[in-house]
Amino acid sequence: MLIFLCSGCEDNLGQFRVKIVTPNRQPAEGVTVEGGLDWESFQVKTDSQGIAILPIFAFNYNALIYKNNFFPKLIDLTRSAFHLPPYTYIITPTPEQLKPIGDVEGWSIQFDQGTLVTIDYHGGYHVYSYSNQGILEILSIQLPTSSVRDTQLRGNTLWFSTHDDGIYVYSLEDPFDPQLLYHLNITGYLGKFAINDSAVVVGNPWNREELRVYSYNTSGEIQELSRFGNHLGVNLNFRDDYLIVLDYHDHLPAVYDLHDPENPFLVYNGIEPDYWHGFLYENYLILIPKWELIGEKTNYKIIDLSDPANPSTAGFFYADSRLTQIIDENTALGRYHIWSGATSLLRGNIASDFKTTAIVTDNPWVQNFLHQFEGCSFPFFIIGKRLYKLEEQ
């Protein structure tokens, strides 16, 4: 009966139309309407009239509607079956917009006004010039590695870990001619790492195991000094001579005293059952709630690490996205609460709340889990292998 009623209103048997409009009732072109499951999945874009033609089985599902710089929205198609087509839904623009400038390989290691230096997972090293009008690659070379896991720029010195080939150290004094300084032949699978004076700490990003401390010199010679703990090497950072380990809810954070790197010892271990993970912002640890707690008003916890041996709760704030990075005191990035595939740019601060003001949906997935977002030199952002500029809507 449902198919009979709907097909009487449509040109083609087994299809129906929805219309997506802006708040002023103008047609919204290029909006994706997506839903369903397995062989009954559908993904259709609206035409210049804001019309998307959906298969009749879509009446059995909710659908997600989304477009760059509009707030994603869930719509209930099951109710539409009892009305005449086209079924009209409103999609609301964000206050600001992320305007695409051009495509980029890798994540940024130097991001200055007009010049961008990136490195990609496969060891490609790239230099770009960019402006409001576009981006141009002016150098691309292959570094002697097949995989880059994590990068740190210390002055003009680039450090990067590899999948299973230790850590490389390059001089970028001339970014157009990177020079290998030395290679630390550290064994095992590597990811994040932390450097403190002549000591480097590494962990396995795939399995829980002991963290390892090595001494090194500028000839590339290394010596293992100690092993300690039982962690995934997800995030490692030094604050003075204290190592901050961000694991998951049972180590948020774990803080080790490495004044004597041959004898590390645990001085604090935070157990946070309501929080999944966290990230550092200045002297604060921002705790991310579990997925099931993410919503329009997600509550984030702030841990003050000014005294690393004695972390303390510094307060709470709300955000309408799952935050992954705070860029500066007024800007953050995250995943929108309705759809984690949407990259959201938020405005606000940790003293109050963050609200989403721009969204990218057409390039949602990042290059690998170590690089949630690939760089920022405000108002320019690299998101999903593309350079964007933040502008007024």
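Structure's up top.
A brief structural summary. (Residues numbered from 1 in each chain as written. Predicted model: local features only at pLDDT ≥ 70, side-chain atom pairs only at ≥ 80, totals over all residues. Heavy atoms only, no water.)

### What to know about the overall build of the protein chain
This is how the line gets drawn: In this text, helices come from DSSP runs of H or I with a minimum length of four residues, and strands from runs of E with a minimum of two, each type numbered from the N-terminal end. Relative accessible area decides the class of each residue, using a 1.4 Å probe on protein chains only: under 20% of the type maximum gives buried, over 50% gives exposed, and in between gives partly exposed. Working rule for contacts: check all heavy atoms of both residues, and any pair within 4.5 Å makes them a contact. Computed with a 1.4 Å probe, the accessible areas rest on the Shrake-Rupley method; for each residue, only the protein chains presented here act as cover. The charge count includes Lys and Arg as positive and Asp and Glu as negative, but it does not include His or the ends of the chains. A charged residue contributes its charge at one atom only: NZ of Lys, CZ of Arg, CG of Asp or CD of Glu.
Along the backbone of the protein chain there are two helices and 35 strands. Its C-alpha atoms put the protein chain at 80 × 50 × 40 Å along the principal axes. Here the protein chain, with 393 residues, has 53% of them falling under the buried criterion. Long-range pairs, those at least 24 residues apart, make up 46% of the contacts in the protein chain between residues at least 6 apart in sequence. With an accessible surface of roughly 17700 Å², the protein chain has 48% of that area assigned to carbon and sulfur atoms. With 25 positive and 47 negative side-chain charges, the protein chain shows a spacing of 10 Å between the two charge centroids.

### A closer look at the pairing of strand 11 (residues 124-130)
Put simply, the test is: DSSP bridges decide pairing: two strands pair if at least two such bridges lie between them.
Counting buried positions along strand 11 yields six of seven residues, so the element is predominantly enclosed. Pairing between strand 11 and strand 12 (residues 135-142): seven bridges, direction antiparallel. Bridge pairing in strand 12 places Tyr128 opposite Glu137. Linking two consecutive strands that pair antiparallel, namely strand 11 and strand 12, is a turn of four residues.

### Things to note about the nonpolar core
Our working definition: Buried residues of nine kinds, namely Ala, Val, Leu, Ile, Met, Phe, Trp, Tyr and Cys, make up a nonpolar core once their side-chain atoms join them within 4.5 Å.
Counting 20 residues, the largest nonpolar core has Phe16, Val18, Val33, Leu54 and Leu77 as the members making the most contacts within it. Of all the secondary structure elements, the ones that give two or more residues to this core are strand 1 (15-21), strand 4 (51-55), strand 5 (62-66) and strand 7 (87-90). In terms of residue count, strand 1 provides more of this core than any other element does, three residues in total. Counting residues in hydrophobic clusters, the runner-up holds 15 residues, among them Ile302, Phe317, Ala319 and Ile326.

### Considering unusual backbone geometry
The omega angle of the peptide bond from Leu252 to Pro253 is -5°, so this bond is cis rather than trans. Within the fold, Pro253 resides in the loop between strand 22 (242-245) and strand 23 (254-257). The omega torsion across Phe378 and Pro379 is 10°, close enough to zero to call that bond cis. Assignment of secondary structure puts Pro379 in the loop between strand 33 (375-377) and strand 34 (380-382).

### Observations regarding the pattern of salt bridges
Filter applied, for reference: Salt bridge, as used here: a side-chain nitrogen of Lys or Arg that lies within 4 Å of a carboxyl oxygen of Asp or Glu.
Applying the stated criterion to the full structure yields nine salt bridges. Close ionic contact of Asp103 with Arg386 constitutes a salt bridge, the shortest N to O distance being 3.0 Å. With Asp103 in strand 8 (residues 96-103) and Arg386 in strand 35 (residues 386-392), the pair connects residues that are 283 residues apart, well separated along the chain. Glu224 is the salt-bridge partner of Arg227, the closest N and O atoms lying 2.7 Å from each other. Via salt bridges that share partners, Arg208, Asp247 and Asp250 belong to a single interconnected network.

### Some thoughts on a nonpolar patch on the surface
How we decide: A patch consists of residues exposed above 30% relative accessible area that lack any salt bridge, with like charges linked at up to 9 Å and nonpolar side chains (Val, Leu, Ile, Met, Phe, Trp, Tyr) linked at up to 5 Å.
Residues Leu136, Ile138 and Phe176 make up a contiguous nonpolar surface patch of about 290 Å² in total accessible area. By the secondary structure assignment, Ile138 is in strand 12.

### Focus on the sheet that holds strand 21 (residues 236-239)
The criterion, for reference: Note on method: axes are straight lines fitted to C-alpha atoms, helices fitted across the in-contact stretch only, with angles between N-to-C directions ranging 0 to 180 degrees.
The sheet built from four strands is open, its strands ordered 21-22-23-24 with antiparallel pairing. Where the open sheet ends on each side, the last strands, each with one partner, are strand 21 and strand 24 (265-269). For this sheet, the mean angle separating the axes of adjacent strands, direction not counted, is 25°. Bridge count for strand 21 against strand 22 is four bridges, and the pairing is antiparallel. Bridging from a neighbouring strand, Phe238 pairs with Leu243 of strand 22.

### Remarks on the sheet that holds strand 7
A sheet is described by the order of its strands in space; here three strands give the open sequence 4-1-7, paired in mixed fashion. In this open sheet, the two strands that pair with only one neighbour each are strand 4 and strand 7. For this sheet, the mean inter-axis angle between neighbouring strands, taken without regard to orientation, is 30°.

### Observations regarding the packing of aromatic side chains
The test is simple: Side-chain rings of Phe, Tyr and Trp, where Trp is taken by its six-membered ring, are said to pair if the distance between their centres is within 6.5 Å; with planes under 30 degrees apart they count as stacked, over 60 as edge-to-face, and otherwise as tilted.
Considering all chains together, one arrives at 18 aromatic pairs under this definition. Measuring from centroid to centroid gives 5.8 Å for Phe59 and Tyr87, while their planes differ by 70°, and the two rings are edge-to-face. Taken together, the residues span a long stretch of sequence, with Phe59 in the loop between strand 4 and strand 5 and Tyr87 in strand 7 at a distance of 28 residues. Across this residue pair, the class does not change: Phe59 and Tyr87 are buried.

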